[in-house]
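# Residue-level structural notes
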Amino acid sequence: MTGVRFAVPGDYDAIAAVVDEWWGRPVLPSLPRLFLDHFHRTSFVAEGPGGGLAGFLVGLVSPSLPGEAYIHFVGVSPDVRAGGLGRRLYGRFFELARDRGCHVVRAITSPVNEASIAFHRRLGFTASPPVPGYNGPGNDLVTFSRPL
């Protein structure tokens, strides 16, 4: 069993060291250090029995859209996948968002990330069709929305 705690800015280096390996492709540019510098109080880290990184969730409560929260990036070590850790991390974030007055959580993913789309749907998110140019020309993304 892993322990889940709030992130701290210093967790960034451990996350940066594994995120590309966990994804099997370069994704670190999508998670700059500023996310943990500025949103660590709305983000979580899961530690394994030996204290190593087992997973993380980087999220925020929107300062511009009252009542909305956003999950930017989630990772679970391949060694502990399918054990419910991703669901636990999302559950902790849902609680935090509710406690801060949010009524909806949003997220995005690539249309080719079928595992992520299926996972979000299992957690009660509604997925959009791919949104053309969501992140600029040629960068289509699927958006997710889940009421709290």
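Report on the accompanying structure. Just so you know, these numbers come straight off a predicted model, no measurement behind them. (Residues numbered from 1 in each chain as written. Predicted model: local features only at pLDDT ≥ 70, side-chain atom pairs only at ≥ 80, totals over all residues. Heavy atoms only, no water.)

## Overview of the overall build of the protein chain
Regarding its fold elements, the protein chain presents four helices and seven strands. The linear arrangement of helices and strands in the protein chain, starting from the amino end, is β-α-α-β-β-β-α-β-α-β-β. For 148 residues, the compact-globule estimate of 2.2 N^0.38 gives 15 Å, and the C-alpha radius of gyration of the protein chain, at 15 Å, lies within 12% of that figure. Referenced to the eigenvectors of the C-alpha coordinate spread, the extents of the protein chain come out at roughly 40 × 35 × 30 Å. The burial tally for the protein chain puts 43% of its 148 residues in the buried class. For the protein chain, the proportion of contacts with a sequence separation of at least 24, taken over those separated by at least 6, is 59%. Surface summary for the protein chain: the accessible area is close to 7800 Å², and the carbon and sulfur share equals 55%. The distance from the centre of the 14 positive side-chain charges to the centre of the 12 negative ones in the protein chain is 7 Å. (Helix = DSSP H or I, 4+ residues; strand = E, 2+ residues; numbered from the N terminus. Rg over C-alpha atoms; globule rule 2.2 N^0.38 Å. Buried < 20%, exposed > 50% of the residue type's maximum accessible area, 1.4 Å probe, protein only. Contact = heavy atoms within 4.5 Å. Areas by Shrake-Rupley, 256 points an atom, 1.4 Å probe, with all protein chains shown as cover. Lys, Arg positive; Asp, Glu negative; His and termini not counted. Charge placed at Lys NZ, Arg CZ, Asp CG, Glu CD.)

## Some points on the side chain of Ser116
Turning to its location among the elements, Ser116 is positioned in helix H4 (residues 114–122). Ser116 gets classed as buried once you look at its relative accessible area, which sits at 14%. Aside from chain neighbours lying at most four places away, what touches Ser116 is Thr109 and Phe144.

## What about the sheet that holds strand S4 (residues 68–76)?
Two orientations exist for strands paired in a sheet by backbone hydrogen bonds: parallel and antiparallel. Judged by pairing direction, the sheet is mixed, and its seven strands sit side by side in the order S1-S2-S3-S4-S5-S7-S6 without closing on themselves. Across the chains shown, the open sheet's two edge strands, defined by having one partner strand only, are strand S1 (3–6) and strand S6 (126–127). Direction of pairing for strand S2 (residues 44–47) relative to strand S3 (residues 53–61): antiparallel, over a ladder of four bridges. Across the sheet, the residue bridging to Ala46 is Gly55, located in S3. (Pairing = 2+ DSSP bridges.)

## Examining the pattern of salt bridges
On inspection of all chains with the given rule, the structure shows four salt bridges. Among the salt bridges present, the one from Asp11 reaches Arg5, with a minimum N-O distance of 2.8 Å. Looking at Asp11, the relative accessible area reads 10%, which means it is buried. On the accessibility criterion, Arg5 (27% relative accessible area) is partly exposed. Salt-bridge contacts for Asp13 lead to Arg33; the nearest nitrogen and oxygen are separated by 2.8 Å. With Asp13 in helix H1 (residues 12–23) and Arg33 in the loop between H1 and helix H2 (34–39), the pair connects residues that are 20 residues apart, well separated along the chain. The exposure class assigned to Asp13 is partly exposed, which follows from its relative accessible area of 48%. By relative accessible area, which is 37% here, Arg33 ends up partly exposed. (Salt bridge = Lys/Arg side-chain N within 4 Å of Asp/Glu carboxyl O.)

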